[in-house]
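What follows is the residue order along each chain.
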Amino acid sequence: MPAKSVNDIVALCKRRGFIFTGSEIYGGLGGAYDYGPYGVELMRNIRNAWWNAMIYARNDIEGLDAALISNRLMWKYSGHEGSFSDPLVECKKCGARMRQDKMKDQTKCDNCGSTDLTEPRAYQLMMGLSIGAMADGAINAYLRPETATTTYVNFKNVLDSKPHKLPFGIAQIGKAFRNEISPRGFVFRMREFEQAEMQYFVNPSDDEKYFEYWKNERLAWWINVLGIPAEKLRFLPHEKLAHYAKAAVDIEYAFPDGFDEVEGVHNRQDFDLGSHTKAQNEFKLSAKVLENKDSTTKLSYSDAQTGENFVPYVIETAMGVNRAMLAIMIEAYDEEDLGDGKSRTVLKLKPWLSPVKAAVIPLVRNVPEIVDLSNKLVDDLRKLAIGRIELENSGNIGKNYRRHDEIGTPVCITVDHQTLEDGTVTLRYRDTMDQVRVKTDEVPQKLLEIVKQ
Ligand code: GAP
């Protein structure tokens, strides 16, 4: 049974070192979280799976990692400075600030129920910066609110250095920042979060075909790669479109409180490449960087066969990595009744996603031969380079099993007196709790098979 409440996941994350409140000992900071020893591993595994599917498994997509801080003009001409905002409403009675489109009842304050509310006003979501020695406090840069725009401005750089025919894509994984009015749902809505986004450049006449293609590809990835059951996922087409979009659909996951967005697929048309090409004329001419319009960097594509030059359309896939991790943990979470008043919490992660691939436990720690054999086994398993292998040398075996069940370690390997006699160790499987004895030299091969699943 998956988690019934996100609170189960919040408690597990803190207890077992997946996610902590940001700046915790100074009272925290809304919408900022720190990822602990096991959270970083799970995030890394999700990122790698996305990168594998988007880049290593294909010929038509390149990777990019652009700067998080960027020139203010880029966000002015992308349209974000003018229109990347949420409608903010304030309660005149208690001072609560709410995002109007997320209020329970738009006529009443979510906090105190008062109907004395301000008119909604556009609240800028980007985090502005004043950087450089000459900065006078005025905003001259922004932290990026999405990876996408930082990909568009590199369209020409990538295409010139690695030629491609249309359609082709550019993918990025990285941080994005938004001054959300009301961060909520643990890591669901944060002010600093991580996106995995891919921009696919197509001939304008093919946009609808590739919009359908990427919708289906992405949904299939959630089901077949991450292992989220199909019935827990659905498409939700947008009725109200963002300033750049011709069509947009969310992929939603059934969180304990209801379906909500984990990824978006958008047809951004030629909005971004077109406006950045046009904007440079304005800005370069006014800054006297450019004497003649023809030296503007054109974010366009030349078809070698037809000789046509045009601005491609963009189909974007935009996933939140933190939301993916949250959905994965909710699905994997289980509380099992073991009878006799005993129970256990277990994270039934797919082994390739597990933060720790195996734990080696010397059952007796004051017998040097057992400790030596355990160390040797850990060394051998680390040579497989499959991720984190832990040596447990504290606490009792029951506590060790409980901890590894809760962090989702697929197998624990116990070294004991019998190992000294017949060279076998005990493998204890997380999901079934079955214990089997196997020859120590067979363990690496067995583990390789387990972590492929
Ligand atoms: N480039 C398009 C874009 O940014 P978006 O729907 O605003 O589209 C894409 O964001 C994904 O990023 C969302 O589906 C969500 O998973 C994640 N995301 C957006 N805002 C977030 C936030 N404040 N906290 C956590 N994840 C967020």
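Residues numbered from 1 in each chain as written. Predicted model: local features only at pLDDT ≥ 70, side-chain atom pairs only at ≥ 80, totals over all residues. Heavy atoms only, no water.

## Focus on the overall build of the protein
Okay, step 1: The helix and strand inventory of the protein stands at 13 helices and 24 strands.
Okay, step 2: Its C-alpha atoms give the protein principal-axis dimensions of about 85 × 65 × 50 Å.
Okay, step 3: Scored against the burial criterion, the 453 residues of the protein give a buried share of 49%.
Okay, step 4: Long-range pairs, those at least 24 residues apart, make up 64% of the contacts in the protein with a sequence separation of at least 6.
Okay, step 5: Accessible surface, the protein: about 21700 Å² in total, of which carbon and sulfur atoms supply 49%.
Okay, step 6: Side-chain charges of the protein comprise 59 positive and 65 negative groups, with the mean position of each set lying 2 Å from the other. (Helix = DSSP H or I, 4+ residues; strand = E, 2+ residues; numbered from the N terminus. Buried < 20%, exposed > 50% of the residue type's maximum accessible area, 1.4 Å probe, protein only. Contact = heavy atoms within 4.5 Å. Areas by Shrake-Rupley, 256 points an atom, 1.4 Å probe, with all protein chains shown as cover. Lys, Arg positive; Asp, Glu negative; His and termini not counted. Charge placed at Lys NZ, Arg CZ, Asp CG, Glu CD.)

## Some details on the domain arrangement of the protein
Okay, step 1: Taken domain by domain, the protein comprises domain 1 (6-72 + 144-329) and domain 2 (349-451).
Okay, step 2: Computed from C-alpha atoms alone, the centre-to-centre distance between domain 1 and domain 2 is 38 Å.
Okay, step 3: Taken together, the contact pairs 15 residues of domain 1 with 14 residues of domain 2.
Okay, step 4: Looking at the side of domain 1 facing domain 2, the largest losses of area belong to R16, Y38 and N45, adding up to 46% of the total buried there. (Domains from an automatic or database assignment. Buried area = accessible area lost by both parts, 1.4 Å probe.)

## Regarding the sheet that holds strand β9 (residues 141-143)
Hydrogen bonds between backbone atoms are what pair the strands of a sheet, whose relative direction is either parallel or antiparallel.
Okay, step 1: Read from one edge to the other, the open sheet built from three strands follows the order β4-β9-β8, with strand pairing classed as antiparallel. Among the strands making up the open sheet, the edge pair consists of β4 (69-71) and β8 (127-129). Neighbour-to-neighbour, the strand axes of the sheet open up by a mean angle of 35°, direction not taken into account. (Pairing = 2+ DSSP bridges. Axes fitted to C-alpha atoms, helices over the stretch in contact; angles between N-to-C directions.)

## Notes on the nonpolar core
Okay, step 1: The biggest cluster of nonpolar side chains holds 61 residues, and the ones touching the most others in it are F18 and W222.
Okay, step 2: Broken down by element, this core gets its largest block of residues, nine residues, from helix α9 (residues 321-332).
Okay, step 3: Once residues within four sequence positions are removed from consideration, W222 is found in contact with G227, I228, L233, I251, V262, E263, M319, A324 and A327.
Okay, step 4: In terms of nonpolar packing, the next biggest core, distinct from the first, is built from 19 residues, V360, V367, L377 and V415 among them. (Core = buried A, V, L, I, M, F, W, Y, C linked by side-chain atoms within 4.5 Å.)

## Section: the environment of P120
Okay, step 1: Position of P120 relative to the elements: it lies in the loop between β6 (97-99) and β7 (121-124).
Okay, step 2: In the structure, P120 is positioned 307 residues away from L427 in sequence and 60 Å away in space, judged by C-alpha atoms.

## Some remarks on the packing of helix α1 (residues 6-16) against α9
Okay, step 1: Relative orientation of the contacting elements α1 and α9 amounts to 100°, with a least axis distance of 10 Å. In terms of axis orientation, α1 runs roughly perpendicular to α9. Contact residues: V6, I9, L12 and C13 in α1; L326, M329 and I330 in α9.
Okay, step 2: Here the contact of α1 with α9 is composed, by residue class, of seven nonpolar, no polar and no charged. (Parallel < 35°, antiparallel > 145°, perpendicular 65-115°, else oblique. Nonpolar A, V, L, I, M, F, W, Y, C, P; charged D, E, K, R; others polar.)

## Overview of the packing of aromatic side chains
Okay, step 1: In this structure the tally under the stated criterion is 14 aromatic pairs.
Okay, step 2: Ring centres of Y33 and F186 lie 5.2 Å apart, and the angle between their planes is 80°; this geometry places the pair in the edge-to-face category. Residue Y33 is found in strand β2 (residues 33-35), and its partner F186 is found in the loop between β10 (168-177) and β11 (192-202); the two are separated by 153 residues along the sequence.
Okay, step 3: Taking 5.0 Å as the distance between ring centres and 85° as the angle between the ring planes, the aromatic pair formed by Y213 and W214 counts as edge-to-face.
Okay, step 4: Using a relative accessible area of 29% as the deciding quantity, one classes Y213 as partly exposed.
Okay, step 5: Put simply, the rings of Y200, Y210, Y213 and W214 pair up and form one aromatic cluster. (Phe/Tyr/Trp six-rings, centres within 6.5 Å; stacked < 30°, edge-to-face > 60°.)

## A word on the sheet that holds β11
Okay, step 1: Taken together, the seven strands give an open sheet; going across it, the order is β3-β10-β11-β17-β14-β13-β12, and neighbouring strands pair in mixed fashion. Taken across any chain shown, the strands that pair with only one partner, and hence form the sheet edges, are β3 (61-64) and β12 (233-237). The mean angle between the axes of side-by-side strands here comes to 25°, regardless of whether they run parallel or antiparallel.
Okay, step 2: Relative to β10, β3 is paired through four bridges, and the arrangement is parallel.

## Let's talk about the state of the cysteines
Okay, step 1: Across all of its chains, the model carries zero disulfides by this definition.
Okay, step 2: Note on C91: no disulfide assigned, nearest cysteine sulfur contributed by C112 at a separation of 3.7 Å.
Okay, step 3: C91 sits in the buried class, given a relative accessible area of 4%.
Okay, step 4: Its relative accessible area of 32% is what places C112 among the partly exposed residues. (Disulfide = S-S within 2.5 Å.)

## Things to note about helix α7 (residues 207-224)
Okay, step 1: The end-to-end C-alpha distance of α7 is 25 Å, a good match for the 26 Å that 18 residues give at a rise of 1.5 Å each.
Okay, step 2: Within α7 the residues assigned to the buried category are D207, Y210, F211, W214, K215, R218, L219, W221 and W222. In a view along the axis of α7, the buried residues occupy a sector of 165°, so they form one face of it. Turned more than 90 degrees off the buried face of α7, the exposed positions are K209 and N224. (Expected span 1.5 Å × (residues − 1). Arc of directions from axis to C-beta.)

## Looking at the site of the ligand
Okay, step 1: Taken together, 21 residues are adjacent to the ligand, and E146, M190, E197, E261 and E316 come closest.
Okay, step 2: R178 is positioned with one of its side-chain polar atoms (N or O) 2.8 Å from an oxygen atom of the ligand.
Okay, step 3: At 2.8 Å, a backbone N or O of M190 approaches a nitrogen atom of the ligand.
Okay, step 4: Taken by itself the ligand offers 550 Å² of open surface, and the protein chains cover 93% of this.
Okay, step 5: With six residues, the top contributor of residues to the shell around the ligand is strand β14 (residues 258-269).
Okay, step 6: Residues of the shell around the ligand, tallied by class, amount to seven nonpolar, four polar and 10 charged. (Near = heavy atom within 4 Å. Polar contact = N/O pair within 3.5 Å; in protein donor to acceptor, adjacent residues only side chain to side chain.)

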